[in-house]
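Tertiary structure, described
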Amino acid sequence: MKIPAQPFFRFCSNHVPLLRALAEHQSDLTEAETRTLIRSTSGPDDERPETTWQRLLEYQILVPTEVESDLYLMARPVSRLIA
């Protein structure tokens, strides 16, 4: 699936602390762990955590470790971009 560049980079620029926290995480993440990171890095004016979670998946920033897996990791191209 092709991801539109402008919304992707807008999301990234609005969520820099979250993306850094995800990039620094050394192991696979569950949805619950990711939602905790979302809440801990978001401000009072940010979108709802559920929306952020959906965007992470939609923009393929987080990808499942295996098909039908409940564990996620940051996509390699995104982690290289953050690094």
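The paragraphs below set out a description of the structure included in this document. (Residues numbered from 1 in each chain as written. Predicted model: local features only at pLDDT ≥ 70, side-chain atom pairs only at ≥ 80, totals over all residues. Heavy atoms only, no water.)

Overview of the pattern of salt bridges
A complete count under the given rule lists 3 salt bridges for this structure. Of the charged contacts, one joins Glu 31 and Arg 35 as a salt bridge, the two residues approaching to 2.9 Å between their closest N and O atoms. You can see Glu 31 and its partner Arg 35 sitting in helix 3 (residues 31-41), 4 residues apart, about one turn around the helix. Under the relative-accessibility criterion, Glu 31 is labelled partly exposed at 33%. (Salt bridge = Lys/Arg side-chain N within 4 Å of Asp/Glu carboxyl O. Helix = DSSP H or I, 4+ residues; strand = E, 2+ residues; numbered from the N terminus. Buried < 20%, exposed > 50% of the residue type's maximum accessible area, 1.4 Å probe, protein only.)

Details of the packing of helix 3 against helix 4 (residues 49-58)
Two packed helices can be described by the angle between their axes and the distance between those axes. The N-to-C vectors of helix 3 and helix 4 enclose an angle of 120°; their axes lie 10 Å apart at closest approach. On the basis of their axis angle, the class for helix 3 and helix 4 is oblique. When you trace helix 3 past helix 4, the crossing you get is right-handed. Here Glu 31, Thr 34, Arg 35, Ile 38 and Arg 39 of helix 3 lie close against helix 4, whose contacting residues are Pro 49, Glu 50, Thr 52, Trp 53 and Leu 56. (Axes fitted to C-alpha atoms, helices over the stretch in contact; angles between N-to-C directions. Parallel < 35°, antiparallel > 145°, perpendicular 65-115°, else oblique. Left-handed = near helix turned anticlockwise from the far one by under 90°. Contact = heavy atoms within 4.5 Å.)

A closer look at the packing of aromatic side chains
For the structure shown, the criterion picks out 4 aromatic pairs. Centre to centre, the rings of Phe 8 and Phe 9 are 5.0 Å apart; their planes meet at 85°, and the pair counts as edge-to-face. The class of Phe 8 is buried, set by a relative accessible area of 11%. Given a relative accessible area of 45%, Phe 9 falls into the partly exposed group. Ring centres of Phe 11 and Tyr 59 lie 5.7 Å apart, and the angle between their planes is 65°; on these two criteria the pair is classed as edge-to-face. On the criterion of sequence distance, the pair formed by Phe 11 in helix 1 (residues 5-14) and Tyr 59 in the loop between helix 4 and strand 2 (62-64) is long-range, its members being 48 residues apart. (Phe/Tyr/Trp six-rings, centres within 6.5 Å; stacked < 30°, edge-to-face > 60°.)

A few points about unusual backbone geometry
Of note, the phi angle at Gln 60 is positive, near 55°, even though the residue is not glycine. Tracing the chain through its elements places Gln 60 in the loop between helix 4 and strand 2. For Glu 68, which is not glycine, the phi dihedral falls at a positive 65°.

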